[in-house]
Amino acid sequence: MLGPVIKLKNITLRPVKEKDLSSYVKGLENPNVIRYMTLPKAPTLEEEKEWFEKNKKSKSEIHWAIDFNGQCIGGISLRQLNDFLKTAEMGYMIHDENFWGKGFMTEAAQAVRDYGFAKLNLETMLISAINENIGSHKIIAKLGFKKIGEFPHKLFRDNKWHNDTMYVMLKNEWENIH
């Protein structure tokens, strides 16, 4: 499903639109953007359109575009939503390197974390990052997630295996920092 509009200080989280898909494809063609993602290759525009059609109807995922002054610079989602277990996993990317290191992803991820606990009444939220993705680990630390373990050999890229670190936050932990 597509997430509701969430206006933040520097960016807006809004529903993904079909017109955003070409920016996703262009961004994912950049080896620096896809480096730490578990995609085998950059999707084509047709594959992105199929993804969009499938996921805008999904009840187990919520997707937002990250909008900066009318430009889609990335995406963020809650995936594997489970109403019974009250769990979800966050995933994100900024697909335009010009917007890396400016705090936009931290701002977006804080808002989605808060939305998950406050609006969806989640009990548990997970997030993970490939070990070499230092920027993502910094964001996760700022969000207050706790490391719970490592998934060895999660991604094969650049002729080697990369491990993934998993993090968790419980609702009561979120309430204590909020």
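Placed above this text is the structure.
Computed from a predicted model, the values in this text were never measured in an experiment.

K.L.:
Looking at this structure, how should I read the overall build of the protein?
P.N.:
Secondary structure assignment for the protein yields six helices and eight strands. Counting from the amino terminus, the protein carries its helices and strands in the arrangement β-β-α-α-α-β-β-β-α-β-α-β-β-α. A compact globule built from 178 residues should have a C-alpha radius of gyration of about 16 Å, and the protein, at 16 Å, falls within 12% of that. Summarising its shape, the C-alpha atoms of the protein cover approximately 40 × 40 × 30 Å along the three principal directions. Across the 178 residues that make up the protein, the buried fraction comes to 47%. Expressed as a percentage of contacts within the protein between residues at least 6 apart in sequence, the contacts between residues at least 24 apart total 58%. Element-wise, carbon and sulfur atoms account for 52% of the exposed surface of the protein, whose accessible area totals about 9,600 Å². Computed over 26 positive and 23 negative side-chain charges, the separation of the two mean positions in the protein equals 4 Å.

K.L.:
Quick question: what am I supposed to make of the pattern of salt bridges here?
P.N.:
Side chains that differ in sign of charge can pair as their charged atoms come close. Scanning the entire structure with this criterion turns up seven salt bridges. The shortest N-O distance in the salt bridge between Asp67 and Arg14 comes to 2.7 Å. Here Asp67, found in strand 3 (residues 62-68), pairs with Arg14, found in strand 2 (residues 12-14); they are 53 residues apart in sequence, far enough to count as distant. Residue Asp67 shares its accessibility class with Arg14, and that shared class is buried. Note that Arg113 is salt-bridged to Asp114, the shortest N-O span being 2.9 Å. The burial state of Arg113 is the same as that of Asp114; both residues are buried. In this structure, a network of salt bridges that share partners links the residues Arg14, Asp20 and Asp67.

K.L.:
I'm lost on the nonpolar core in this one. Help?
P.N.:
Generally speaking, nonpolar side chains in soluble globular proteins are found buried as a group. Within the largest apolar cluster, 34 residues are counted, with the highest numbers of intra-cluster contacts made by Leu13, Trp64, Ile76 and Met90. For this core, the secondary-structure elements that each account for two or more residues are strand 3, strand 4 (71-82), strand 5 (87-94), helix 4 (104-118), strand 6 (124-130), helix 5 (134-143) and strand 8 (160-170). In terms of residue count, helix 4 provides more of this core than any other element does, eight residues in total. Beyond its immediate sequence surroundings of up to four residues, Leu13 is in contact with Pro4, Val5, Ile6, Leu8, Trp64, Ala65, Ile66, Ile76, Ala108, Ala111 and Val112. Membership of the second largest hydrophobic core comes to nine residues, among which are Val16, Leu21, Tyr24 and Leu28.

K.L.:
I keep staring at the side chain of Glu61 and nothing clicks. Help me out?
P.N.:
Residue position: Glu61 is located in the loop between helix 3 (45-55) and strand 3. There is no salt bridge for the buried Glu61, and the closest opposite charge comes from Arg79, which lies 5.7 Å off by N-O distance. Side chain to side chain, Glu61 and His63 meet in a polar contact 2.7 Å long. Setting aside chain neighbours within four positions, we find Glu61 in contact with Met1, Asn55, Leu78, Arg79, Gln80 and Leu81.

K.L.:
Could you clarify how one ought to interpret the environment of Ile76 in this entry?
P.N.:
Checked against the element boundaries, Ile76 lands in strand 4. Of the residues examined, Ile76 reaches a relative accessible area of 2% and is grouped as buried. Residues Ile76 and Gly91 lie 15 residues apart in sequence; the distance between their C-alpha atoms is 5.7 Å.

K.L.:
Would you take a moment to explain the packing of helix 1 (residues 21-28) against helix 3 for this structure?
P.N.:
Between helix 1 and helix 3, the least distance of the axes is 9 Å, while the angle of their chain directions is 125°. By the angle between their directions, the pair helix 1 and helix 3 is classed as oblique. Of the two elements, helix 1 crosses helix 3, and the hand of that crossing is right-handed. Facing helix 1, whose interface residues are Leu21, Ser22, Tyr24 and Val25, helix 3 presents Leu45, Glu48, Lys49, Trp51 and Phe52. A class-by-class count of the residues in the contact of helix 1 with helix 3 yields six nonpolar, one polar and two charged.

Thresholds applied
- Residues numbered from 1 in each chain as written.
- Predicted model: local features only at pLDDT ≥ 70, side-chain atom pairs only at ≥ 80, totals over all residues.
- Heavy atoms only, no water.
- Helix = DSSP H or I, 4+ residues; strand = E, 2+ residues; numbered from the N terminus.
- Rg over C-alpha atoms; globule rule 2.2 N^0.38 Å.
- Buried < 20%, exposed > 50% of the residue type's maximum accessible area, 1.4 Å probe, protein only.
- Contact = heavy atoms within 4.5 Å.
- Areas by Shrake-Rupley, 256 points an atom, 1.4 Å probe, with all protein chains shown as cover.
- Lys, Arg positive; Asp, Glu negative; His and termini not counted.
- Charge placed at Lys NZ, Arg CZ, Asp CG, Glu CD.
- Salt bridge = Lys/Arg side-chain N within 4 Å of Asp/Glu carboxyl O.
- Core = buried A, V, L, I, M, F, W, Y, C linked by side-chain atoms within 4.5 Å.
- Polar contact = N/O pair within 3.5 Å; in protein donor to acceptor, adjacent residues only side chain to side chain.
- Axes fitted to C-alpha atoms, helices over the stretch in contact; angles between N-to-C directions.
- Parallel < 35°, antiparallel > 145°, perpendicular 65-115°, else oblique.
- Left-handed = near helix turned anticlockwise from the far one by under 90°.
- Nonpolar A, V, L, I, M, F, W, Y, C, P; charged D, E, K, R; others polar.

Keep in mind that these numbers describe shape and distance, not what the molecule does.
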